[in-house]
Amino acid sequence: MTVDLIWKKFPVKQVEVKLSKVLRCGQTFRWKNVNDIWSYTTENKIILLKQDEEYIHYSWIAAEHMQTQSKINCHFDKETLDFIKDYFNLPIKLETLYEEWIEKDGLFKISQQKSAFSKFTGIRILRQEPWETLISFICSSNNNVKRISKMCDNICTEFGKYINEYNGIKYYSFPTAVDLSSSPKVESRLRDLGFGYRAKYIYQTALKFTSDEFPDITLKNLYQLRQENYETAHDFLLQLTGVGPKVADCICLMALDKHDIVPVDTHVYQIAIRDYKFKGKKDLKTMNKKTYHDIRLFFKEIFGDFAGWAQSVLFTSDLSDLNNGVNKIQNTEINIDHTSVKQEQDSIVIERKRGILLDPSSQEQDSDKKVKYEMK
DNA sequence: TCCACGCCTGCATT
DNA sequence: AAATGCAGGCGTG
């Protein structure tokens, strides 16, 4: 089936959104990049995006079963644009926030080296669908971006609804709670798909959303948390299997409009000690409840109402472990001849690499990596 | 209440 | 080349 894509566009500066960063900095795991076109499935269509200096271009492919009439076309155009504006939190102006952060950053930072905020522009927090965010972040424990992406891909292919095909890739929607609790076999199937101990967490969480035993745990109430305060949202999420304080905070920040929440892991803890004036043991491996709380409030006091957003920039700029899948690919390329880069014809990985090569600020990182590697 | 431990897989190191 | 270590958050006892 061949489709003629019709592209529309709207103006956005790259300092407001930089797709190549935002879509692979560890907050979303389901976007694919094929020939510099980003793609993602919703319930009824595949959404396609590409970005140049001044514009984001968007297009869509309706689900296979839907007929394409001019009326639907027009509706889908609007729906897609609305989705993009909402998903990327576009009403929130990043440039102004960055100015505030740079100012505050200077006051608290230990060294006066160039602020991460002037180097890594266009990184913003998405406003993602709460159910997908919940399941994705249950997958994130003890895990890396590459593997989480693969797991999300697997769960859609196995339990989602077929949407359509584009560029030789089949696209599926993200499975619902009903899809994931339909049979106890779900858990063992997820295990087979490489979910490990998270298979049980996902199945049990899905069950809580569909079973009468837990009348308060519903999709509607999950969505309602966007209107509730942080404590309410956090406590609700902790009832779910596989959701602890860190995962709950990720969901609060990335799906539930809690812009001031900083999810704390040991990496964030290290940033607090190394770059800011947080006093704590440098060798702390396991974090207790108090430390977690203290670090979260520490960053909130520095950056204020959008502390979670600010933290995501610091985190992304501190690339050493983050995106390790992507970085590993770069190292492989630099060091070994082409024949060695064969086995994984994984389109996601391959295309990520492409995106990086075309992204000017990432090229700086490329050269950094190269230097580090040669010095070894 | 706090803590140590096990859980799963993929990748890097030895 | 097989064995080991690491990543690093949640649940359990």
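Here's a quick rundown of the structure. The model shown is predicted, which means the values in this text are computed figures rather than measured ones. (Residues numbered from 1 in each chain as written. Chains lettered and ligands numbered in written order. Predicted model: local features only at pLDDT ≥ 70, side-chain atom pairs only at ≥ 80, totals over all residues. Heavy atoms only, no water.)

## Observations regarding the pairing of strand 3 (residues 37-41)
Regular strands place their side chains on alternate faces of the sheet. Selection criterion: Burial classification: accessible surface area is computed with a 1.4 Å probe over protein chains only, and a residue below 20% of its type maximum counts as buried, one above 50% as exposed, and the rest as partly exposed. What counts as a helix is a DSSP run of H or I of at least four residues, what counts as a strand is a run of E of at least two, and both are numbered from the N terminus. Paired strands, in this sense, are two strands between which DSSP finds at least two bridges.
Of all the 5 residues making up strand 3, 5 are buried; the element is thus mostly covered by neighbouring parts of the structure. In strand 3, alternate side chains face the same way, and those of Ile37, Ser39 and Thr41 on one face and Trp38 and Tyr40 on the other are all buried. Bridging between strand 2 (residues 32-34) and strand 3 involves 3 bridges; their strand directions are antiparallel. Of the residues in strand 3, the one forming a bridge with Val34 is Ile37. The turn joining strand 2 and strand 3, which pair antiparallel and follow one another in sequence, is formed by 2 residues; a positive phi near 50° is taken by Asn35. Bridge count for strand 3 against strand 4 (residues 45-51) is 4 bridges, and the pairing is antiparallel. The partner of Thr41 across the bridge, within strand 4, is Ile46. Where strand 3 folds back onto strand 4 in an antiparallel hairpin, the turn is made up of 3 residues.

## Description of the protein's contact with DNA strand C
Defined as follows: Here a residue is considered near a molecule or strand provided that any single heavy atom belonging to it is located within 4 Å of it. Pairs of N or O atoms within 3.5 Å make up the polar contacts considered here, provided that, within protein, one atom can donate a hydrogen while the other can accept it, and that residues adjacent in sequence are counted only when both atoms are side-chain atoms. Here the term charged refers only to Asp, Glu, Lys and Arg, the term nonpolar to Ala, Val, Leu, Ile, Met, Phe, Trp, Tyr, Cys and Pro, and the term polar to all other amino acids, Gly among them.
The local shell around DNA strand C holds 13 residues, among which Asn142, Tyr197, Gly242, Gly244 and Asp265 are the closest. By atom count, sugar and phosphate contribute 59% of the portion of DNA strand C lying within 4 Å of the protein. Here a phosphate oxygen of DNA strand C and a backbone polar atom of Gly244 are 2.9 Å apart. At 3.4 Å, a backbone N or O of Lys246 approaches a phosphate oxygen of DNA strand C. It is helix 12 (residues 245-255) that contributes the most residues to the surface near DNA strand C, 3 residues altogether. In the surface near DNA strand C, the residues fall into 6 nonpolar, 5 polar and 2 charged.

## A few points about the packing of helix 5 (residues 130-139) against helix 12
For the record, the criterion: Axes here mean lines fitted to C-alpha atoms, for a helix over just the part in contact, with angles spanning 0 to 180 degrees between N-to-C directions. Crossings are assigned a handedness: left-handed for a near helix turned anticlockwise from the far helix by less than a right angle, right-handed for a clockwise turn. Pairs of residues are marked as contacts when any of their non-hydrogen atoms sit within 4.5 Å.
Relative orientation of the contacting elements helix 5 and helix 12 amounts to 150°, with a least axis distance of 9 Å. Where helix 5 crosses over helix 12, the handedness of that crossing is right-handed. On helix 12, the residues touching Pro130, Thr133, Leu134, Phe137 and Ile138 of helix 5 are Val247, Cys250, Ile251, Met254 and Ala255.

## Concerning the pattern of salt bridges
The condition is simple: The term salt bridge refers to a pairing of a side-chain nitrogen on Lys or Arg with a carboxyl oxygen on Asp or Glu at a separation within 4 Å.
Using the criterion set out here, one finds 15 salt bridges in the structure. Where Glu132 meets Arg30, a salt bridge forms, and the shortest distance between an N and an O atom there is 2.8 Å. Of this pair, Glu132 sits in helix 5 while Arg30 sits in the loop between helix 1 (19-22) and strand 2, placing them 102 residues apart in sequence. Using a relative accessible area of 5% as the deciding quantity, one classes Glu132 as buried. Overall, the relative accessible area of 9% leaves Arg30 in the buried class. Linking Lys78 and Asp82 is a salt bridge whose minimum nitrogen-to-oxygen distance equals 2.7 Å. Highlighted residues: Lys78 and Asp82, both in helix 2 (residues 70-87), separated by 4 residues, approximately one helical turn. Linked through salt bridges whose partners overlap, the residues forming this network are Asp86, Arg127 and Asp257.

These figures capture arrangement, not role.
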